[in-house]
Amino acid sequence: MGEQHLSDAILSGHLDRELAAIDERRARLHLAGCATCGARLASFSRLEVQLTAEPALVCASARSLVSAQLDGELSDEAGPVARTHLESCRSCQTELTFWSRLDDAIASLPVAVPSARVDQAIRDLARPRRGRSVQRGLALRGALATAVAVIAVLLTALPRSLPEVATPAIPGGSPVLVASVQQAVLNPKTNTLYVLETEQASVAARDAGTNSLITRVAVGGRPIALALDQTANAILVLDAQAKTITTIDAKTNAVVASSSVAVAGTPTSLQAANGKIVVTAVADPKPAASASGSASSTGLVAILNSTSKQLETVRTIDVAPRLIVLDPSGSLALLVGPDGSVVADASSYKQIGDKLPGGVAGAFGGDGGATIAVLSADAGGARITFGGFHAPVALLLSGKPVALTSLPSGGYGVLLDVGGRGQVLTIGADGKAI
């Protein structure tokens, strides 16, 4: 007859010190001479260590916990999990430090200069209500590099022009308006925020973490829009009246070049990507063929070589664009005009799909650009119209439309002027306000 081994129940009780005294002595005597039961006991011990240890997380899963910890919203059960991950992950430690400093910088912004409406929008982002979900907080924090930076600019640099900044009028037509989102760009290479100061004909370079002024770059003329050329590490400044692009070296914060834009009509916005600079313009109005005799404007897209600044081609589009937005890959462009918006191939600028309504701002979704949103005015309020596959129905909001940006979650952040106060809303990928 073979040797009788200890049962799993006896081994577990021995490991947990739950056996009666006589059973404990028998188990110890047996284990002293039985290698098989000793090995089983060792495996039980290893399993217990694994089960009682804090669960390990990959960074993608840990970020929501880290965000909640930063906001003081982490539960007692999840706290040790986040701390264990942070102890061994330098990447998340660096990210937590960065967002902590940015939160402190936002919280330290003056609460009364220049207006309460944008102050409130900043406070709503920096110190969200307790009922906000972890996912919403993470999504907004992920977009701080663009959305909060722009809103902070509206606080410090655009006190009298929160919704929009006017540019020269088109002869015979209405003024072209440039959305406020083109008044600031963030250079992630240097963590420098560049703020357009139209009245002073200058660009202010600010530390994005502290909002302190680094330097002020005089560009002359009447600049209307900024763009970041990441390849050249340069800031581009568009002057609609002079039809020039001024280049600022982002390393030295000095003007290094000024180039003419040989395009008809009035330039309205610019972007830089894939070795090209794209300038949108509205051509001089032409008489309409209709019996009403009203004038119509033609949209133009001028494509320049980013190195030589030489004009390569000019395309005609079916809208009068005030704003151009590129998708994350730089392969698609959204051209937003007051009377209509279109999506175009960013190489040929041929229209793709149906025309969307006009508006004051537009954005590709944070889901890689699979969806599109256009923000416009609607009967005293605001409307967001969505485009793309499985696009949600249009969403109506209260307030005057100001700015729109995409969020990493696939949704959007919206800045509205509600009764003279700034209000920031988060719109989910399903097209519903969160």
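An account of the accompanying structure is given in this report. (Residues numbered from 1 in each chain as written. Predicted model: local features only at pLDDT ≥ 70, side-chain atom pairs only at ≥ 80, totals over all residues. Heavy atoms only, no water.)

## Overview of the nonpolar core
And step 1. One finds Leu236, Leu238, Ile245, Val263, Leu270, Ile277 and Val279 to be the most contacted residues of the largest nonpolar core, which totals 18 residues.
And step 2. Every element with two or more residues in this core is listed here: strand 7 (223–229), strand 8 (234–239), strand 11 (266–273), strand 12 (276–282) and strand 15 (299–305).
And step 3. Other than its neighbours up to four places away in sequence, Val279 contacts Leu238, Ile245, Val261, Pro267, Ser269, Leu270, Leu300, Val301, Ala302 and Leu304.
And step 4. By size, the runner-up hydrophobic cluster in this structure holds 16 residues, among which are Leu375, Leu416, Leu425 and Ile427. (Core = buried A, V, L, I, M, F, W, Y, C linked by side-chain atoms within 4.5 Å. Buried < 20%, exposed > 50% of the residue type's maximum accessible area, 1.4 Å probe, protein only. Helix = DSSP H or I, 4+ residues; strand = E, 2+ residues; numbered from the N terminus. Contact = heavy atoms within 4.5 Å.)

## Brief notes about the environment of Thr266
And step 1. Along the chain, Thr266 turns up in strand 11.
And step 2. Given the relative accessible area of 9%, Thr266 is considered buried.
And step 3. Considered as a pair, Thr266 and Val282 are 16 residues apart in the sequence and their alpha carbons are 5.3 Å apart.

## Some words on the sheet that holds strand 26 (residues 412–418)
And step 1. Read across the sheet, three strands follow the order 25-26-27 without closing on themselves; strand pairing throughout is antiparallel. The open sheet has two edge strands, strand 25 (400–406) and strand 27 (421–427), and neither has a second partner. Within the sheet, the average angular offset between the axes of one strand and its neighbour, ignoring direction, is 20°.
And step 2. With six bridges joining them, strand 25 and strand 26 adopt antiparallel strand pairing. Looking at the pairing, Ser406 lines up with Tyr412 of strand 26. (Pairing = 2+ DSSP bridges. Axes fitted to C-alpha atoms, helices over the stretch in contact; angles between N-to-C directions.)

## Regarding the sheet that holds strand 11
And step 1. Overall, antiparallel pairing links the four strands, which are arranged 11-12-15-16 in an open sheet. Edge positions in the sheet fall to strand 11 and strand 16 (311–317), since each has one partner strand and no second. Across this sheet, the average inter-strand angle for adjacent strands is 20°, counted without regard to direction.
And step 2. As judged from the six bridges shared by strand 15 and strand 16, these two strands associate in the antiparallel manner. Looking across to strand 16, one finds that Val301 is bridged to Arg315.

## Digging into the packing of aromatic side chains
And step 1. For the structure shown, the criterion picks out one aromatic pair.
And step 2. On the numbers, 6.1 Å between centres and 50° between planes, the contact of Phe386 with Tyr412 is tilted. Linking Phe386 in strand 23 (residues 381–388) with Tyr412 in strand 26, this pair joins segments that are 26 residues apart in sequence. Both residues of the pair, Phe386 and Tyr412, belong to the buried class. (Phe/Tyr/Trp six-rings, centres within 6.5 Å; stacked < 30°, edge-to-face > 60°.)

## Quick notes on helix 1 (residues 8–15)
And step 1. Where helix 1 is concerned, the buried positions are Leu11, Gly13 and His14. Summarising the axial view, the buried residues of helix 1 lie within an arc of 165°, below the 170-degree limit, and thus occupy one face.
And step 2. Backbone geometry just downstream of helix 1 places Arg17 in the positive-phi region, at approximately 60°. (Arc of directions from axis to C-beta.)

## Regarding the pattern of salt bridges
And step 1. Scanning the entire structure with this criterion turns up eight salt bridges.
And step 2. Across the pair Asp318 and Lys355 runs a salt bridge, and its minimum N-O distance is 3.2 Å. In this pair, Asp318 sits in the loop between strand 16 and strand 17 (323–326) while Lys355 sits in strand 20 (residues 351–356), placing the two residues 37 residues apart along the sequence. (Salt bridge = Lys/Arg side-chain N within 4 Å of Asp/Glu carboxyl O.)

## Description of the pairing of strand 8
And step 1. Among the six residues of strand 8, six are classified as buried, and the element is accordingly described as predominantly covered.
And step 2. A two-sided burial pattern is seen for strand 8, the buried positions comprising Ala234, Leu236 and Leu238 on one face and Ile235, Val237 and Asp239 on the other.
And step 3. With six bridges joining them, strand 7 and strand 8 adopt antiparallel strand pairing. Bridging across to strand 8, Asp229 finds its partner in Ala234.
And step 4. In this sheet, strand 9 (residues 244–249) lies alongside strand 8 in antiparallel orientation, the contact comprising six bridges. Paired with Val237 across the two strands is Thr246, which belongs to strand 9.

## Thoughts on unusual backbone geometry
And step 1. A positive phi angle is found at Lys243, which is not glycine, with a value near 55°.
And step 2. The residue Lys243 is located in the loop between strand 8 and strand 9 in this model.
And step 3. By relative accessible area, Lys243 is classed as partly exposed at 25%.
And step 4. Here the phi dihedral of Asn274 falls at roughly 55°; this positive angle occurs in a residue that is not glycine.
And step 5. Of note, Asn274 is situated in the loop between strand 11 and strand 12.
And step 6. For Asn274, a relative accessible area of 57% corresponds to the exposed category.

## A look at the pairing of strand 20
And step 1. Here three bridges tie strand 19 (residues 341–345) to strand 20, and the two strands are oriented antiparallel to one another. Looking at strand 20, one finds that Ser341 is bridged to Leu356.
And step 2. Adjacent in sequence and paired antiparallel, strand 19 and strand 20 are bridged by five residues, among which Tyr349 carries a positive phi angle near 55°.

Without other data, these values stay purely geometric and don't point to any function.
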